[in-house]
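# Commentary on secondary and tertiary structure
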Amino acid sequence: MKIDLSVLGRQFDLHKAEYEAAALRALNSGWYILGHEGENFETEFANYLGANFCVGVNSGLDALTLAVRALNIGSGDEVIVQANTYIASVLAITANQATPIFVEPDKFYNIDASKIEPAITSKTKAIMVVHLYGQASNMAEICKIAEKHNLPIIEDCAQSHGAKFQGKMTGTFGIGCFSFYPTKNLGAFGDGGAVVTADENFAKQIKMLRNYGSEVKYHNKVEGVNSRLDEVQAALLRVKLSHLDELNQERKNIAARYLTEITNAKIILPEIQTGAEHVYHQFVVRVQDREKFQFYLEQHEIKTIVHYPIPPHLAECYQRLAYKRGDFPLAEKFADEVVSLPMFNGMTKAEVDFVIEVLNNY
Ligand SMILES: *Cc1c(COP(=O)(O)O)cnc(C)c1O
């Protein structure tokens, strides 16, 4: 049995007629950028999250970059971020000429809340948390620290659509930045993203920035960018959003089987923090000899991928920051040991059975 990491056609097939109707509706409307589909999606997504405002943008990276920018964070400022994140979180900081201050992860692969305070300096302007792999970060602790130091929280929710901490949606504790890249839990059929906020003025800022820095056409208040969520993607996202809870439940069901049925001591399974919900954007395990492990799975035609093999502080593009191996040992250890198992909507019982069997025979 051949199992790919993510089979995107399957989630399309699950609600194919609805997607086709929505795409045609958007095409037939004769209006393709900043129209009713986008506005309706923004309202529906804000309602789903229990947030006040949602502003669609072109990608998750843009959501993060514009959020940092709308907070007036720039040269000479520092933003705290976990060391084991995807490069996009860090790019959003450095694109604004600010400096990322890395903090080690906890055993749930999220930022270690107990290590945030020692990283705060007089230059710190925000705390960025990444709900990595789909598990909500320890927002109770993080909100306490942010409040004490009067710092805004930027949440990278690119992997955590629908995940809650103590019953509250990720993306509503601070400024929520979402990606709708096709593989994400709430994935579009192209690029997309959104910024979610409780603050009307902040939402206005993002709206201005995404549209050339103008509120009124051709009256450009600030130097903005072109980063808009198009009408076809918004129409498709409205369909996907209406099924998000069931799609997340399907992922949770697969994860529940992995968690109980994978019984190989060589494979370290993910742990869930008390109070946190996990929507399993990725099901990430750890192994000692990852190359051997991946080769074994490859031989059984099970595709795996590593999220992520190089922590940002060691990325070639950040040589100027002058970090070296050993600076963030835990993030580096995770980068060396993590592997993501097949986890996607439309995965069959036989496929899950097969993955479990092959893993237990390793
Ligand atoms: C996917 C992702 C992003 C970037 O989203 P894009 O839409 O691809 O720009 C940012 N942060 C994390 C954690 C991601 O997984």
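Rules used throughout
- Residues numbered from 1 in each chain as written.
- Predicted model: local features only at pLDDT ≥ 70, side-chain atom pairs only at ≥ 80, totals over all residues.
- Heavy atoms only, no water.
- Helix = DSSP H or I, 4+ residues; strand = E, 2+ residues; numbered from the N terminus.
- Buried < 20%, exposed > 50% of the residue type's maximum accessible area, 1.4 Å probe, protein only.
- Contact = heavy atoms within 4.5 Å.
- Areas by Shrake-Rupley, 256 points an atom, 1.4 Å probe, with all protein chains shown as cover.
- Lys, Arg positive; Asp, Glu negative; His and termini not counted.
- Charge placed at Lys NZ, Arg CZ, Asp CG, Glu CD.
- Pairing = 2+ DSSP bridges.
- Axes fitted to C-alpha atoms, helices over the stretch in contact; angles between N-to-C directions.
- Core = buried A, V, L, I, M, F, W, Y, C linked by side-chain atoms within 4.5 Å.
- Salt bridge = Lys/Arg side-chain N within 4 Å of Asp/Glu carboxyl O.

### Side note on the overall build of the protein
The helix and strand tally for the protein stands at twelve helices and 13 strands. Sorting the 362 residues of the protein into buried and exposed places 57% on the buried side. By sequence separation, contacts in the protein at least 24 residues apart represent 70% of the contacts at least 6 residues apart. Total accessible area on the protein is roughly 15700 Å²; 51% of this is exposed by carbon and sulfur atoms. Distance between charge centres in the protein, computed from 35 positive and 44 negative side chains, equals 2 Å.

### Some remarks on the sheet that holds strand 5 (residues 153–156)
Strands sit in the order 1-9-8-5-4-2-3 across an open sheet of seven strands; the sheet is mixed. Strands at the two margins of the open sheet, each flanked by one partner only, are strand 1 (53–57) and strand 3 (99–103). Neighbour-to-neighbour, the strand axes of this sheet turn through a mean angle of 25°, independent of strand direction. Judged from the four bridges that link them, strand 8 (residues 175–179) and strand 9 (residues 193–197) form a sheet pairing that is antiparallel. By the bridge assignment, Phe178 is partnered in strand 9 with Ala194. The strands touched by helix 7 (residues 200–210) within the sheet are strand 1, strand 8 and strand 9, with strand 1 carrying the most contacts at an inclination of about 15°.

### Notes on the pairing of strand 4 (residues 124–130)
Of all seven residues that make up strand 4, six are buried, and the element is covered over most of its length. Across three bridges, strand 2 (residues 78–82) lies against strand 4 in parallel orientation. Within strand 4, the residue paired with Val79 across the bridge is Ala126. With four bridges connecting them, strand 4 and strand 5 associate as parallel partners.

### Quick look at the nonpolar core
Most often, soluble globular proteins have nonpolar side chains that are buried together. One finds Met128, Ile154, Cys177, Phe202 and Ile206 to be the most contacted residues of the largest nonpolar core, which totals 31 residues. Breaking this core down by element, the ones donating at least two residues are strand 1, helix 4 (60–70), strand 2, helix 5 (87–94), strand 4, strand 8 and helix 7. Ignoring sequence-local partners within four residues, the contact set of Cys177 consists of Ala63, Leu64, Ala67, Ile154, Glu155, Asp156, Cys157, Ala158 and Ala194. Ranked by size, the runner-up nonpolar core spans 26 residues in total, among them Leu341, Met347, Leu359 and Tyr362.

### Focus: the pattern of salt bridges
For the structure on display, the rule yields 21 salt bridges. Across the pair Glu42 and Arg210 runs a salt bridge whose closest N-O atoms are separated by 2.9 Å. One end of the pair, Glu42, is in helix 3 (residues 36–49); the other, Arg210, is in helix 7, with 168 residues separating them in the sequence. Taking the relative accessible area as the measure of exposure, Arg210 reaches 7% and is therefore buried. A network of salt bridges, in which partner residues are shared, links Arg25, Glu37, Glu44 and Arg238.

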